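Observations on the three-dimensional arrangement
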Amino acid sequence: MASVAVGPIVPGATLPGNQLRRILPPALVVALDKIADQIGEEVFDPLLQAASVEQLARIFERVFPKFRDYYASTIFIVWGWLQEDPQRFSALIIRSFQESEHLIRSHGPR
């Protein structure tokens, strides 16, 4: 079965991820993108190539620890960056709510 690309793990062009990506330093975005690529190659690609439910279960058992470690690494990397300046976290939350409010006002409640 051929591998199928379904898009980036942390979307750079979609609105929720875009706000975060815009305020992060470029080096941090590159690091997070590399982790996303590794998750795609080492976790999602094998899962998408499973030919049966049984094979999918075995692959999941094998790749879940990798996903867990990558996920934790991502959280720790971003958390470390946010702790450098507590005001960044506040600004991120405020802008996130402002962006959500703008989306709701411009596109309605759908």
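See the structure printed just above.
Just so you know, the residues in each chain are numbered from 1, in the order the chain's sequence is written. Selection of residues for local features in this predicted model requires a pLDDT of at least 70, selection of side-chain atom pairs for listing and counting requires 80 or more, and totals for whole chains, interfaces and linings are taken over all residues. Note that the side-chain values use all heavy atoms of the structure and ignore hydrogens as well as water.

Another aspect to go through is the pattern of salt bridges. The term salt bridge refers to a pairing of a side-chain nitrogen on Lys or Arg with a carboxyl oxygen on Asp or Glu at a separation within 4 Å. Enumeration according to the criterion identifies one salt bridge in this entry. Note that Arg68 and Asp69 form a salt bridge whose closest N and O atoms lie 3.4 Å from each other. Partly exposed residues are those whose accessible area sits between 20% and 50% of the maximum for their type, while under 20% is buried and over 50% is exposed, using a 1.4 Å probe and protein chains only. Judged by its relative accessible area of 44%, Arg68 falls in the partly exposed class. According to the relative accessible area criterion, Asp69 is partly exposed, its value standing at 43%.

A word on the packing of aromatic side chains. Between the rings of Phe, Tyr and Trp (Trp by its six-membered ring), a pair exists once the centres lie within 6.5 Å; its type follows the angle of the planes, with under 30 degrees stacked, over 60 edge-to-face, and the other angles tilted. Considering all chains together, one arrives at four aromatic pairs under this definition. Between the aromatic rings of Phe60 and Phe64, the centroid separation amounts to 5.5 Å while the plane-to-plane angle is 35°, which identifies the pairing as tilted. Of this pair, Phe60 and Phe64 are both found in helix α3 (residues 53–83), four residues apart, which corresponds to roughly one turn of the helix. Judged by its relative accessible area of 35%, Phe64 is partly exposed. Joined through ring pairs, the aromatic side chains of Phe44, Phe60, Phe64, Phe67 and Tyr71 make up one cluster. Only runs of H or I of at least four residues qualify as helices and only runs of E of at least two qualify as strands under DSSP, and these elements are numbered from the N terminus.

Turning next to α3. To estimate how far a helix should reach, multiply one less than its number of residues by 1.5 Å. For α3, with 31 residues, the first-to-last C-alpha span of 42 Å sits near the 45 Å given by 1.5 Å per residue. At any given residue, the bend is defined as the angle formed between two axes, one fitted to the seven residues that end at that position and one fitted to the seven that begin there. At Val63, α3 is deflected by roughly 40°, the largest bend along its length, and proline Pro65 occurs up to four residues later in sequence. When we look at burial in α3, the residues that qualify are Ile59, Val63, Tyr70, Val78, Trp81 and Leu82.

Attention shifts here to the packing of α3 against helix α4 (residues 86–107). Relative to each other, α3 and α4 sit at 110°, their axes nearing to 6 Å. Relative to α4, the element α3 is oriented roughly perpendicular. Of α4, the residues touching α3 (which contributes Trp81, Leu82 and Gln83) are Pro86, Arg88, Phe89 and Leu92. For this classification, Asp, Glu, Lys and Arg are treated as charged, while Ala, Val, Leu, Ile, Met, Phe, Trp, Tyr, Cys and Pro are nonpolar and the rest, including Gly, are polar. By residue class, the composition of the contact of α3 with α4 is five nonpolar, one polar and one charged. Between N-to-C directions, angles span 0 to 180 degrees; the directions come from axes that are lines fitted to C-alpha atoms, helices contributing only their stretch in contact. Note on angle classes: values under 35 degrees are labelled roughly parallel, values over 145 roughly antiparallel, values of 65 to 115 roughly perpendicular, and the remainder oblique. The criterion used for residue contact is that any of the two residues' heavy atoms lie within 4.5 Å.

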